[in-house]
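Breakdown of the fold
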Amino acid sequence: MNYRHAFHAGNFADVIKHIVLVRMLTYLQEKQAAFRVIDTHAGAGLYDLTSSEAQRGGEWLTGIARLMQARFSDKAQPLVATYLDIVRAFNPKAELKAYPGSPLIARALLRPQDRLTACEIEPTARKQLIDALRRDTQARVVDLDGWTALPAFVPPNERRGLVVIDPPFEAKDEFERLAKGFSDAFAKWPTGAYLLWYPVKSRRATDDLARSVAAAAATSKPAGKCLRLEFSVAPQETGGGLVSSGLLMVNPPWTLASELKIILPELEKPLGQGGAARFKLEMPKP
């Protein structure tokens, strides 16, 4: 799978991933102590939804565009409001023309004492990310392969934080690299929080990944907690585009599962394609 993000920015997978990212970072804000966000495959930072790449697939039209128009219940609204406010901040004229990637969403939630380390080796994306974070003393863009950076940058000096692992899945062995990369990092920093994204194309590959991550998390004392979310907007068709994606959250906030049980049912209708979407939320077993 080739997941060049300029073609997919703001799609349903981004929406789900970034809502979870915001909830996890909001929880970290509750303690005064500083935290660090490490984004191993950061991308360009900000995506132009009027570009030829974004317009070609138009995936944002069935993703963030629908969500910006959706109505939420009194329980769900406060849980998605911060995410939607961040997106609106990049679209000041109330026209949806730009979408922030994970590093800029994380940057929006840093307090003065917090820091962001964003890794990106693709030259064009790295230059765009540097431009987006120029002169930002709290954010550092690193020209380093995410798989190399992952074990090198943990644990951070702050000893609190979140590692976002969202590789492009261009290599055939990306699921294996994701499992090993997480395992190596977790062995060095078992108290950190981790957010892993993956596309759902092969059930065997995704189940193997979930088992591997859960097994690695179980090695710490006390054992790290693990939560798995998969969201599908349509039935998978052979040779079709991405219609289902997953997240593995290790050491998630204790409130996250209950929050997602409120949020996710209200995303099924706006994000569904040709019918309501569906989701699965569970604690994977090793």
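For the structure itself, look to the data block above.
Residues numbered from 1 in each chain as written. Predicted model: local features only at pLDDT ≥ 70, side-chain atom pairs only at ≥ 80, totals over all residues. Heavy atoms only, no water.

**What to know about the overall build of the chain**
Along the chain, the regular secondary structure elements total 12 helices and 10 strands. At 18 Å, the chain has a C-alpha radius of gyration in line with the 19 Å of a compact globule built from 286 residues. In terms of principal-axis extent, the alpha carbons of the chain reach across some 45 × 45 × 40 Å. Considering the chain as a whole, with its 286 residues, one finds that 55% of them fall into the buried category. For the chain, contacts bridging at least 24 residues in sequence account for 76% of all contacts bridging at least 6. Element-wise, carbon and sulfur atoms account for 52% of the exposed surface of the chain, whose accessible area totals about 13,300 Å². The averaged location of the 31 negative side-chain charges in the chain is 4 Å from the averaged location of its 38 positive side-chain charges. (Helix = DSSP H or I, 4+ residues; strand = E, 2+ residues; numbered from the N terminus. Rg over C-alpha atoms; globule rule 2.2 N^0.38 Å. Buried < 20%, exposed > 50% of the residue type's maximum accessible area, 1.4 Å probe, protein only. Contact = heavy atoms within 4.5 Å. Areas by Shrake-Rupley, 256 points an atom, 1.4 Å probe, with all protein chains shown as cover. Lys, Arg positive; Asp, Glu negative; His and termini not counted. Charge placed at Lys NZ, Arg CZ, Asp CG, Glu CD.)

**Observations regarding the layout of surface pockets**
Of the voids in this model, the largest pocket is the one considered here, and its volume is about 870 Å³. As for the largest pocket, its lining consists of 40 residues, of which His5, Gly43, Glu120, Glu122 and Ala125 are closest to the centre. Every element with two or more residues in the lining of the largest pocket is listed here: helix H1 (5-8), helix H2 (12-28), strand E2 (46-48), helix H3 (52-57), helix H6 (102-108), helix H7 (123-132), helix H8 (146-152) and helix H9 (174-188). The class makeup of the residues in the lining of the largest pocket is 17 nonpolar, 11 polar and 12 charged. Approximately 540 Å³ is the volume attributed to the second largest pocket. Secondary structure elements with two or more residues in the lining of the second largest pocket: H2 and strand E8 (226-232). Element by element, the count of residues in the lining of the second largest pocket is highest for H2, at 3 residues. Of the residues contributing to the lining of the second largest pocket, the split by class is 12 nonpolar, 4 polar and 5 charged. (1 Å grid on protein atoms, 1.4 Å probe; cavity = no way out; pocket = protein on both sides within 12 Å on 5 of 7 lines; lining within 4 Å. Points joined across faces, edges and corners; volume = space filled by probe spheres on them. Nonpolar A, V, L, I, M, F, W, Y, C, P; charged D, E, K, R; others polar.)

**A short note on empty space enclosed by the protein**
Considering all chains together, one arrives at 1 cavity of 30 Å³ or more under this definition. Its volume calculated, the largest cavity comes out at about 40 Å³. If you go around the largest cavity, the residues you meet are Ala13, Ile16, Lys17, Trp197, Leu229, Glu230, Phe231, Ser245, Gly246 and Leu247. Going through the elements one at a time, H2, E8 and strand E9 (244-250) are the ones with two or more residues in the lining of the largest cavity.

**Section: the pairing of strand E4 (residues 115-119)**
Most of E4 is tucked away: 4 of the 5 residues are buried. Here 4 bridges tie E4 to strand E5 (residues 139-142), and the two strands are oriented parallel to one another. For Cys119, the partnering residue across the bridge sits in E5 and is Val142. Chirality of the crossover, the property in question, places the unit of E4, H7 and E5 among those that are right-handed. (Pairing = 2+ DSSP bridges. Right-handed = clockwise from strand over helix to strand, strands pointing away.)

**Here we look at the packing of H2 against helix H11 (residues 256-263)**
In contact at an axis separation of 11 Å, H2 and H11 are set at 140° when each is read in the N-to-C sense. Here H2 is positioned oblique relative to H11, judged by the angle of their axes. Relative to H11, the crossing made by H2 is right-handed. Residue-level contacts link Ile19, Val20, Arg23 and Met24 of H2 to Leu256, Glu259, Leu260 and Ile263 of H11. (Axes fitted to C-alpha atoms, helices over the stretch in contact; angles between N-to-C directions. Parallel < 35°, antiparallel > 145°, perpendicular 65-115°, else oblique. Left-handed = near helix turned anticlockwise from the far one by under 90°.)

**Let's talk about the pattern of salt bridges**
Per the counting criterion, the structure on display carries 19 salt bridges. Between Arg111 and Asp114 there is a salt bridge, with its nearest N and O atoms 2.8 Å apart. With relative accessibility at 14%, the residue Arg111 sits in the buried group. In this structure Asp114 comes out as buried when scored by relative accessible area, which is 0%. When salt bridges with common partners are traced through the structure, they connect Arg203, Asp207, Arg228, Glu230 and Glu282 into a single cluster. (Salt bridge = Lys/Arg side-chain N within 4 Å of Asp/Glu carboxyl O.)

**Re the nonpolar core**
Residues Ile64, Tyr83, Met249 and Leu267 are the most contacted members of the largest nonpolar core, which totals 87 residues. Counting residues per element, this core draws most heavily on H2, which supplies 11 residues. Not counting the four nearest positions on each side in its chain, Met249 is found in contact with Val20, Met24, Tyr194, Leu195, Lys225, Cys226, Leu227, Arg228, Leu229, Leu256 and Leu260. (Core = buried A, V, L, I, M, F, W, Y, C linked by side-chain atoms within 4.5 Å.)

**So, unusual backbone geometry**
Note the cis peptide between Val154 and Pro155, where omega equals -5°. Relative to the helices and strands, Pro155 resides in the loop between H8 and strand E6 (161-165). The omega angle of the peptide bond from Lys221 to Pro222 is -5°, so this bond is cis rather than trans. At Arg159, a position not held by glycine, the phi torsion is positive, near 65°. Turning to its location among the elements, Arg159 is positioned in the loop between H8 and E6. Look at Phe169: it is not a glycine, yet its phi comes out positive at around 55°. Overall, Phe169 belongs to the buried group, its relative accessible area being 3%.

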